[in-house]
Amino acid sequence: GESVGLHLPTLSVQEGDNSIINCAYSNSASDYFIWYKQESGKGPQFIIDIRSNMDKRQGQRVTVLLNKTVKHLSLQIAATQPGDSAVYFCAENGDNFNKFYFGSGTKLNVKP
Amino acid sequence: EAGVTQFPSHSVIEKGQTVTLRCDPISGHDNLYWYRRVMGKEIKFLLHFVKESKQDESGMPNNRFLAERTGGTYSTLKVQPAELEDSGVYFCASSYGTDYEQYFGPGTRLTVT
């Protein structure tokens with residue numbers, strides 16, 4: 001099966017600092033990647049996506065970087081806020097756009 | 001617009017019993033997915049419906065799991081008989097047409113004792 005993993009299970013940052021969450025994927029055929037945010041008691045919520053023909057995509061305070069050479073994905077959150085505290089999952093579509101493979105998640109703790 | 005809803009939010013059953021989880025997708029979404037997250041591990045795909053048809057059920061663990069989507073609206077996932085290793089959070093998601101973005105429900109936490 002697919003292998004999508006995260007380097008750090010828990011990340012603690014100070015409010016106002018930038019956060020970087022990393023993810024490795026294994027299927028070079030994957031052409032679509034998503035970052036999800038899951039808050040306690042809720043389901044995963046879409047944050048940002050990127051297609052394999054791009055290296056970088058920016059949203060509001062978030063940036064996703066894709067390095068296809070080393071099969072690495074990262075999520076950067078600028079000026080991290082307490083509301084950003086959650087578990088973040090990366091997901092890849094493998095060779096099937098309807099079926100996503102998720103990593104085990106990184107918990108982001110934002111310290112006031 | 002209402003999001004994806006799931007019922008119940010939490011279920012505690014004994015080993016050997018039966019449990020049925022329900023998912024109501026976003027109205028108009030013909031794609032419906034079931035995922036499961038076990039003990040803090042990754043979220044794993046179970047199956048995918050397109051309307052009432054099973055498009056991909058490659059992630060279903062075994063024949064104790066039965067998913068249905070009669071009429072192509074809501075879906076149920078039945079576990080019979082439940083085993084300890086079935087404990088986890090079951091997520092449902094839906095999407096429209098060929099859109100990649102899947103909208104997730106809040107999940108059902110299943111505890112088998």
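### Considering the pairing of strand E8 (residues 72–77) of chain A
All names here are of chain A.
Moving on, step 1. Pairing analysis gives six bridges linking strand E3 (residues 19–25) to E8, with the strands arranged antiparallel. Across the sheet, Ile20 pairs through a bridge with Gln76, a residue of E8.
Moving on, step 2. Inspection of the sheet shows strand E7 (residues 62–67) paired to E8 by six bridges, in the antiparallel sense. Counted as the bridge partner of Thr63 is Gln76 from E8.
Moving on, step 3. Between E7 and E8, which pair antiparallel and follow one another directly, the connecting turn spans four residues, one of which, Lys71, has a positive phi of 55°.

### Looking at the sheet that holds strand E3 (residues 19–24) of chain B
All names here are of chain B.
Moving on, step 1. Taken in spatial order, the four strands make up an open sheet running E1-E3-E8-E7, and their pairing is antiparallel. Each edge of the open sheet carries a strand with a single partner, namely strand E1 (5–7) and strand E7 (65–68). This sheet shows a mean twist of 15° between the axes of neighbouring strands, independent of strand direction.
Moving on, step 2. Pairing of E3 with strand E8 (residues 75–79) involves five bridges; the strand directions are antiparallel. Looking at the pairing, Cys23 lines up with Ser75 of E8.

### What to know about the side chain of A:Asn27
Residues and elements named next belong to chain A.
Moving on, step 1. Looking at the element boundaries, Asn27 is found in the loop between E3 and strand E4 (32–38).
Moving on, step 2. Asn27 sits in the buried class, given a relative accessible area of 15%.
Moving on, step 3. A polar contact is formed between the side chain of Asn27 and the backbone nitrogen of Ala29, at a distance of 2.7 Å.

### Details of the interface of chain B and chain A
Moving on, step 1. Opposite the 20 residues of chain B that make contact, chain A presents 20 residues.
Moving on, step 2. For the pairing of chain B and chain A, the buried interface totals around 1,700 Å² over both sides, and the portion due to carbon and sulfur atoms is 58%.
Moving on, step 3. Of all residues in chain B, the largest losses of buried area upon contact with chain A belong to B:Ile43, B:Tyr100 and B:Phe104, amounting jointly to 39% of the total for that side.
Moving on, step 4. The interface formed by chain B and chain A contains one salt bridge.
Moving on, step 5. A salt bridge links B:Asp56 to A:Lys99, with the shortest nitrogen-to-oxygen separation between them at 3.6 Å.
Moving on, step 6. Elements with a minimum of two residues in the side of chain B that touches chain A: strand E4 (31–37) and strand E5 (43–50) of chain B.
Moving on, step 7. Counting residues per element, the side of chain B that touches chain A draws most heavily on E4(B), which supplies four residues.
Moving on, step 8. Class assignment for the residues of the side of chain B that touches chain A results in eight nonpolar, seven polar and five charged.

About the cut-offs
Residues numbered from 1 in each chain as written. Chains lettered and ligands numbered in written order. Predicted model: local features only at pLDDT ≥ 70, side-chain atom pairs only at ≥ 80, totals over all residues. Heavy atoms only, no water. Pairing = 2+ DSSP bridges. Helix = DSSP H or I, 4+ residues; strand = E, 2+ residues; numbered from the N terminus. Axes fitted to C-alpha atoms, helices over the stretch in contact; angles between N-to-C directions. Buried < 20%, exposed > 50% of the residue type's maximum accessible area, 1.4 Å probe, protein only. Polar contact = N/O pair within 3.5 Å; in protein donor to acceptor, adjacent residues only side chain to side chain. Contact = heavy atoms within 4.5 Å. Buried area = accessible area lost by both parts, 1.4 Å probe. Salt bridge = Lys/Arg side-chain N within 4 Å of Asp/Glu carboxyl O. Nonpolar A, V, L, I, M, F, W, Y, C, P; charged D, E, K, R; others polar.

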